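Here is how the chains run, residue by residue.
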Amino acid sequence: MRHIRFLPLLAAVVFSACAQASPDQQFVNDAAAAIGGAERVFAVRTLVLEGEGTQYNLGQDVTPEARGQTFTVADMTQVIDVPDRRMRVEMTRRPNFTYFQGPQPQRLVNGIDGAVGYNVAPGGAATRVPDAVATERRIAVLHHPIAAVYAARDAMSRRANPRTEGNESLLDVTTADGVAFTLAIDATTKLPTRVTSRADNTNLGDVVMETRFADYQDAGGLQSPTRLTVSVDDFTTAEYRIAKQTISGDARDLAVPADAAKATPPPPPTVAVEELAPGIWYLAGGSHHSVLVEFGDHLTLIEAPQNDARALAVIARAREINPKKPLTELVNSHHHFDHSGGIRAAIAEGLTIITHQGNVALFENVAKRPHTIVPDALQKSPKPAMIRGIGEDTTLSDSAMTVQLLPYSGPHSETMLVAYFPRERLLVEADVYNPGGQVFMFAKPFLEWVQTRNLRIDRMVPLHAKVAPYAQFVKEASLPVPTATN
Ligand SMILES: [Zn+2]
């Protein structure tokens with residue numbers, strides 16, 4: 001990026017020298033003029049935005065339709081290197097709902113420098129994030145009007161399709177390094193109203209990431225928005241209010257930390273097999289596990305988590321364990337995106353999906369959505385989705401195996417299934433009890449529910465962490481949970 005830093009100046013000269021600007025040039029000239037003039041926009045080196053806001057919990061709320069879970073964001077600082085398109089964001093985030101890691105505020109630090117995205121842990125250790133996350137951040141850098149107009153004017157950027165729709169004029173822009181966005185400006189004031197980009201989401205496939213701009217204020221002679229609303233399709237993911245804006249002031253070091261700089265390709269998914277009882281296998285992964293169940297004439301898998309890579313590895317391993325019986329079904333624990341990221345892979349592999357009835361509409365939609373930006377298994381070999389909703393206790397049983405699927409509604413998820421094996425006295429669950437953890441935010445209500453159901457359990461089989469004796473569950477569920485400090 002650095003080598004093209006001075007080219008936009010040249011472009012600015014060319015633009016103004018033209019007697020008649022082309023429509024796309026005129027669009028950019030208008031937007032730059034509204035913000036404060038091309039000269040000023042082009043002199044910007046850095047933006048430092050300080051503020052607060054609210055984040056929502058896309059894919060992780062209590063039901064697929066719920067929008068109520070929020071995080072309060074405070075002490076947020078977003079630093080953008082406009083010419084080189086580097087960014088670092090720091091914020092403190094406090095959950096306003098019963099959260100996995102407890103109610104304590106968390107300090108989050110993340111950044112993007114070139115193609116490298118990274119997170120910095122509270123202790124200072126930096127880790128590189130997957131390329132898909134880095135791609136999202138390369139897009140996010142351009143979701144500010146000053147950065148977007150700057151990039152749009154870049155002589156190396158491709159501009160296309162200037163048009164007017166309703167009260168907005170729009171222009172499609174693709175940067176020299178391939179980041180595409182659409183800049184919308186108010187048709188009258190010419191101030192940028194929003195930036196949209198197409199992006200890939202593991203669960204939702206092709207999505208539109210959008211940032212809307214409002215409440216423009218003067219910042220060092222430039223107009224800059226103090227209200228930013230971020231969404232993925234029709235789901236608002238964050239609302240930020242900017243209290244202080246500094247243009248080309250003292251910015252922090254935005255270089256990628258040394259320990260995150262070197263590329264470490266993600267390890268291939270591994271599946272560690274452990275036989276829990278005759279006909280029941282634990283298919284363990286790094287963070288998310290599955291369980292394979294053998295019936296008289298078929299196999300049933302519990303959980304296809306994370307993404308295609310994980311789910312396909314688990315499905316392949318399941319078929320290796322017993323190649324004589326067809327794998328026909330997948331039981332999904334709950335809709336949370338990390339636990340349902342392999343649903344589409346399972347459909348592509350011909351499995352019938354069994355889930356809580358509250359998740360059926362979501363999964364039917366997920367099965368139909370296009371994944372053209374990053375084609376997944378189902379995009380490459382489309383199959384109709386077969387989805388069976390479970391609304392009450394349901395027994396899957398034949399001469400070889402019996403498993404009960406029990407709907408469970410708790411503070412973590414209201415559309416959850418747990419799998420109870422009465423003969424083997426095993427209980428398979430996701431998220432509500434992770435044995436050996438630091439805090440147990442959901443274990444107590446879950447234990448109470450288990451007790452009212454009179455389930456006879458020897459071992460808990462969690463889809464995170466490790467298999468644990470029931471006595472450990474009772475003990476850990478009884479530990480006091482942390483409460484908010486303020
Ligand atoms: Zn969950």
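Bear in mind the structure is a predicted one, so any value in this text is a computation, not a measurement. (Residues numbered from 1 in each chain as written. Predicted model: local features only at pLDDT ≥ 70, side-chain atom pairs only at ≥ 80, totals over all residues.)

Examining the sheet that holds strand E24 (residues 426-429)
- Taken in spatial order, the 6 strands make up an open sheet running E21-E22-E23-E24-E25-E26, and their pairing is mixed. The two strands at the open ends of the sheet, each matched to only one other strand, are strand E21 (394-397) and strand E26 (468-469).
- Bridge count for strand E23 (residues 416-421) against E24 is 3 bridges, and the pairing is antiparallel. Considered in E24, the bridge of Phe 421 is made with Leu 426. (Pairing = 2+ DSSP bridges. Helix = DSSP H or I, 4+ residues; strand = E, 2+ residues; numbered from the N terminus.)

Concerning helix H5 (residues 145-153)
- The buried fraction of H5 amounts to 9 of the 9 residues, a majority that puts the element mostly inside the structure.
- All of the buried residues in H5 are Pro 145, Ile 146, Ala 147, Ala 148, Val 149, Tyr 150, Ala 151, Ala 152 and Arg 153. (Buried ≥ 20, exposed ≤ 12 C-beta atoms within 10 Å, placed from the backbone.)

Thoughts on the nonpolar core
- Val 291, Leu 301, Ala 346, Ile 353 and Ala 419 are the most contacted members of the largest nonpolar core, which totals 69 residues.
- Per-element accounting of this core gives the leading share, 6 residues, to E23.
- Not counting the four nearest positions on each side in its chain, Ala 419 is found in contact with Ile 302, Val 331, Val 403, Leu 405 and Val 428.
- Core analysis: the next-biggest nonpolar cluster, separate from the first, contains 46 residues, Ala 38, Ile 146, Ala 219 and Leu 228 among them. (Core = buried A, V, L, I, M, F, W, Y, C linked by C-beta atoms within 7 Å. Contact = placed C-beta atoms within 7 Å.)

With respect to the environment of Glu 168
- Mapped onto the fold, Glu 168 is located in strand E8 (residues 168-174).
- Glu 168 sits in the partly exposed class, given 16 other C-beta atoms within 10 Å.
- In this structure the C-alpha to C-alpha distance between Glu 168 and Thr 188, which are 20 residues apart in sequence, comes to 8.1 Å.
- Ignoring sequence-local partners within four residues, the contact set of Glu 168 consists of Ala 184, Ile 185, Asp 186, Ala 187 and Thr 193.

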